[in-house]
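Residues per chain are reported as follows:
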Amino acid sequence: MDWMVIEKSLEEELHLEATVREIRACEDLEKMRGLCVALTRQAWHQTKLLKQAVYRVMELEAGLTAE
C-alpha cells in the first residue's frame, strides 16, 4: 500500500503550513464560514469521486479475473 503514502516536497509542506497559519490568524467570521462551506463541499465531492473510482477499479479487476 505504498501508493497511499503521501510524499510532500519542502515547498508543498511550507505552502501548507503558511495556509494553516493564515487560517488560524483569521478573525473574520464570514470568511471562516465561507471557508468551512467550501471545504465541506470539496470533501463531499472528493469522497464521492473516490467511491466511484474504487467501484470502477473493482469492476476492472473483476473483468480481468473473469477472462
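Here is what the cut-offs are and how they apply
Residues numbered from 1 in each chain as written. Predicted model: local features only at pLDDT ≥ 70, side-chain atom pairs only at ≥ 80, totals over all residues. Heavy atoms only, no water. Helix = DSSP H or I, 4+ residues; strand = E, 2+ residues; numbered from the N terminus. Rg over C-alpha atoms; globule rule 2.2 N^0.38 Å. Areas by Shrake-Rupley, 256 points an atom, 1.4 Å probe, with all protein chains shown as cover. Patch = residues over 30% accessible without salt bridge, like charges linked within 9 Å, V, L, I, M, F, W, Y side chains within 5 Å. Salt bridge = Lys/Arg side-chain N within 4 Å of Asp/Glu carboxyl O. Buried < 20%, exposed > 50% of the residue type's maximum accessible area, 1.4 Å probe, protein only. Disulfide = S-S within 2.5 Å. Expected span 1.5 Å × (residues − 1). Polar contact = N/O pair within 3.5 Å; in protein donor to acceptor, adjacent residues only side chain to side chain.

K.L.:
Can you explain the overall build of the protein chain? Please cite residues and give values.
P.N.:
Regarding its fold elements, the protein chain presents 2 helices and 0 strands. Its C-alpha atoms give the protein chain a radius of gyration of 18 Å, clearly above 11 Å, the size a compact globule of 67 residues would have. Overall, the C-alpha framework of the protein chain stretches about 60 × 30 × 10 Å when taken along its three principal axes. As displayed, the protein chain offers around 6800 Å² of accessible surface, 62% of which is attributable to carbon and sulfur atoms.

K.L.:
Help me get a handle on a nonpolar patch on the surface, residues and values and all.
P.N.:
Together, Met-1, Trp-3 and Met-4 give the surface a local cluster of nonpolar side chains, amounting to about 480 Å² of exposed area. Within the fold, Trp-3 resides in the segment before helix H1 (10-25).

K.L.:
Let's hear about the pattern of salt bridges: which residues, and what values?
P.N.:
Enumeration according to the criterion identifies 3 salt bridges in this entry. Linking Glu-17 and Arg-21 is a salt bridge whose minimum nitrogen-to-oxygen distance equals 3.1 Å. Here Glu-17 pairs with Arg-21, and both are found in helix H1, just 4 residues apart, close to one helical turn. For Glu-17, a relative accessible area of 35% puts it in the partly exposed group.

K.L.:
Kindly report on the state of the cysteines, identifying the contributing residues and their values.
P.N.:
In the structure shown here, the tally under the stated rule is 0 disulfides. As a non-bridged cysteine, Cys-26 has Cys-36 as the owner of its nearest cysteine sulfur, 9.9 Å distant. The class of Cys-36 is partly exposed, set by a relative accessible area of 47%.

K.L.:
Give me the lowdown on helix H2 (residues 29-66), citing residues and values where you can.
P.N.:
Taking 1.5 Å as the rise per residue, H2 with 38 residues should run 56 Å; its terminal C-alpha atoms sit 55 Å apart, in good agreement. A side-chain oxygen of the first residue of H2 lies 3.1 Å from the backbone nitrogen of Glu-30; this N-cap is Asp-28.

K.L.:
Describe in detail H1, supporting the description with residues and values.
P.N.:
When the terminal C-alpha atoms of H1 are compared, their 22 Å separation across 16 residues agrees well with the 22 Å that a helix rising 1.5 Å per residue should span. Within H1, only 0 of the 16 residues are buried, which leaves the element largely exposed.

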